[in-house]
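# Residue-level structural notes
Chain residues, written in single-letter form:
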Amino acid sequence: MEYGLLITVGLAAWFWFDSIHAREVAMQAGRMAAERDGLQLLDETVALSRLRTGRDEMGRLKLLRTYTFEVSDTGVNRLPCALTLLGKRLQQVDIPPVRDNVVQLFH
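What counts, and where the lines are drawn
- Residues numbered from 1 in each chain as written.
- Predicted model: local features only at pLDDT ≥ 70, side-chain atom pairs only at ≥ 80, totals over all residues.
- Heavy atoms only, no water.
- Salt bridge = Lys/Arg side-chain N within 4 Å of Asp/Glu carboxyl O.
- Buried < 20%, exposed > 50% of the residue type's maximum accessible area, 1.4 Å probe, protein only.
- Core = buried A, V, L, I, M, F, W, Y, C linked by side-chain atoms within 4.5 Å.
- Helix = DSSP H or I, 4+ residues; strand = E, 2+ residues; numbered from the N terminus.
- Pairing = 2+ DSSP bridges.

### Let's talk about the pattern of salt bridges
In this structure the tally under the stated criterion is 9 salt bridges. Taking the shortest distance from any N to any O, the salt bridge between Asp 56 and Lys 62 comes out at 3.9 Å. Overall, the relative accessible area of 11% leaves Asp 56 in the buried class. The closest approach of N and O atoms between Arg 78 and Glu 70, which form a salt bridge, is 2.7 Å.

The structure is reproduced here in structure tokens:
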């Protein structure tokens, strides 16, 4: 009984620290993606929106986390974005096309 409690507390502590580190990685990735596209990361934060498991290229089971965040090209509008981490590795960043950037591409 006591061992089960210790294991549960240990797993909860590991998950909490792992989640903090993953969020820091997601923040950095979101900030870099926004800057790359000339956008401003709003609220300077990301929010965990989905948590599930996935496998890496070696077949190892890892946590697959999806974070949402918002960016702006003008400081007035808010564009919803998302990024996905497998473990601590960035898998995907989804930033919608920004009207000003799309117009520039065609001129």
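The rest of the description comes next.
### Quick word on the nonpolar core
Tyr 67, Phe 69, Val 71, Leu 83 and Ile 95 are the most contacted members of the largest nonpolar core, which has 18 residues in total. Mapped by element, the contributors of at least two residues to this core are α1 (2–36), β3 (61–72) and β4 (79–86). Among the elements that line this core, the one with the most residues is α1, at 6 residues.

### Quick word on the pairing of β3
Pairing geometry for strand β1 (residues 40–41) and β3, over 2 bridges, is antiparallel. The residue of β3 that forms the bridge with Leu 41 is Val 71. Examined bridge by bridge, strand β2 (residues 47–55) and β3 share 8 bridges and lie antiparallel to one another. Bridge pairing in β3 places Gly 54 opposite Lys 62. Between the antiparallel neighbours β2 and β3 lie 5 residues, among them Gly 59 with a positive phi of about 85°. Pairing analysis gives 8 bridges linking β3 to β4, with the strands arranged antiparallel. Across the sheet, the residue bridging to Phe 69 is Cys 81, located in β4. Between β3 and the antiparallel strand that follows it, β4, lie 6 residues; Gly 75 among them carries a positive phi value of about 90°.

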